[in-house]
Amino acid sequence: GESVGLHLPTLSVQEGDNSIINCAYSNSASDYFIWYKQESGKGPQFIIDIRSNMDKRQGQRVTVLLNKTVKHLSLQIAATQPGDSAVYFCAERGAQKLVFGQGTRLTINP
Amino acid sequence: DTAVSQTPKYLVTQMGNDKSIKCEQNLGHDTMYWYKQDSKKFLKIMFSYNNKELIINETVPNRFSPKSPDKAHLNLHINSLELGDSAVYFCASSTHGLANEQFFGPGTRLTVL
């Protein structure tokens, strides 16, 4: 069945450093992937997406990398700021639904 | 200017009661979803409606009954509440019914005592 997992449930970084959040997926037929950010007490918020015909996509301070060979997805956040503290979810699209990973909690040290 | 709204934000109730959560979106989307997020933050889809028709029902107990009076609303009614129903419930919406980028509501924290 489908499953999306994360290598690390928690990640702590220094303010100003780059953050890398990893995600493994199991469905090689998945054609679309999304990263969401969920701040405390709020709903998940879209960050960036990538289609399976791409291996890299950049946004403002964020980059998503897709390695279909090893079914791995990563989210890179440049110059991490206190406002980046949140739980980050990867999700893959399959069969008319999104399957979410467990989530990684990112904390920022001053 | 809220895109996806849910009411109530908090819901505390006794076991065995029946309760409803309402969801509305003003984005003009044709597909709406209900998700359940447990205490470990795991987010799992429960239902999906496209143009008022049910397209996904993820083996949710039939105590849960979604109702979509129109494309902009998807309500969730829960009968005979159980302790295990305690969670945060999120409504979401998207276009085209193909699980594209989904916009989430703020969530409803349900606590069953």
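Refer to the structure above for everything that follows.
Quick notes on the rules
Residues numbered from 1 in each chain as written. Chains lettered and ligands numbered in written order. Predicted model: local features only at pLDDT ≥ 70, side-chain atom pairs only at ≥ 80, totals over all residues. Heavy atoms only, no water. Contact = heavy atoms within 4.5 Å. Buried area = accessible area lost by both parts, 1.4 Å probe. Salt bridge = Lys/Arg side-chain N within 4 Å of Asp/Glu carboxyl O. Polar contact = N/O pair within 3.5 Å; in protein donor to acceptor, adjacent residues only side chain to side chain. Helix = DSSP H or I, 4+ residues; strand = E, 2+ residues; numbered from the N terminus. Buried < 20%, exposed > 50% of the residue type's maximum accessible area, 1.4 Å probe, protein only. Disulfide = S-S within 2.5 Å.

Trainee: Mind showing me how you'd approach the interface of chain A and chain B here?
Mentor: It is common to give the size of an interface as the accessible area that goes away when the parts come together. Facing the 19 residues of chain A at the interface are 21 residues of chain B. In total, about 1700 Å² of surface goes out of reach between chain A and chain B, with carbon and sulfur atoms giving 55% of it. When the buried area of chain A at its contact with chain B is split by residue, A:Gln96, A:Lys97 and A:Phe100 rank highest and sum to 32% of it. Counting across the interface, chain A meets chain B through one salt bridge. Here B:Glu58 ties to A:Lys97 by a salt bridge, and the two come within 3.0 Å at their closest N and O atoms. At the boundary of chain A with chain B, the tally comes to four residue pairs in polar contact (both at pLDDT 80 or more). Of all the elements in the fold, those that place two or more residues in the side of chain A that touches chain B are β4 (32-38), β9 (86-94) and β10 (97-100) of chain A.

Trainee: I would appreciate a short explanation of the side chain of A:Lys97 in the present structure.
Mentor: Locating A:Lys97 in the fold gives a position in strand β10. Assessed through its relative accessible area of 15%, A:Lys97 is described here as buried. A polar atom in the side chain of A:Lys97 sits 3.0 Å from the side chain of B:Glu58.

Trainee: Is there a simple way to think about the side chain of A:Asp84 in this case?
Mentor: Residue and element names in this part refer to chain A. For Asp 84, the location among the structural elements is in the loop between β8 (72-77) and β9. We classify Asp 84 as buried; its relative accessible area is 6%. With sequence-adjacent residues up to four places away left out, Asp 84 is seen in contact with Lys 37, Arg 61, Ile 77, Ala 79 and Leu 106.

Trainee: Looking at this model, I keep getting lost on the pattern of salt bridges. Mind explaining?
Mentor: Side chains that differ in sign of charge can pair as their charged atoms come close. Per the counting criterion, the structure on display carries eight salt bridges over all chains. Two residues, B:Arg63 and B:Asp85, come together in a salt bridge whose shortest N-O distance is 2.8 Å. Of this pair, B:Arg63 sits in the loop between β6 (53-57) and β7 (64-70) while B:Asp85 is found in the loop between β8 (73-78) and β9 (87-94), placing the two residues 22 residues apart along the sequence. The buried category is assigned to B:Arg63, whose relative accessible area is 13%. For B:Asp85, a relative accessible area of 4% gives the class buried. If you follow the salt bridges from partner to partner, you end up with A:Lys97, B:Lys44 and B:Glu58 in one network.

Trainee: When you look at the state of the cysteines in this model, what are you seeing that I'm missing?
Mentor: By definition, a disulfide is the covalent link that joins the sulfur atoms of two cysteine residues. Applying the stated rule across the entire model yields two disulfides over all chains. Between A:Cys23 and A:Cys90 runs a disulfide, and the two sulfur atoms are separated by 1.8 Å. The sign of the S-S torsion, about 50°, decides the handedness of the disulfide formed by A:Cys23 and A:Cys90: right-handed. Taken as a pair, A:Cys23 in strand β3 (residues 19-25) and A:Cys90 in strand β9 lie far apart in primary sequence, 67 residues in all. Each of the two residues, A:Cys23 as well as A:Cys90, counts as buried. Two residues share a disulfide in this structure: B:Cys23 and B:Cys91, whose sulfurs sit 1.9 Å from each other. For the disulfide bridge between B:Cys23 and B:Cys91, the dihedral angle about the S-S bond is near -75°, and by the sign convention the bridge is left-handed. With B:Cys23 in strand β3 (residues 19-25) and B:Cys91 in strand β9, the pair connects residues that are 68 residues apart, well separated along the chain. Accessibility expressed as a relative area gives 0% for B:Cys91, which makes it buried.

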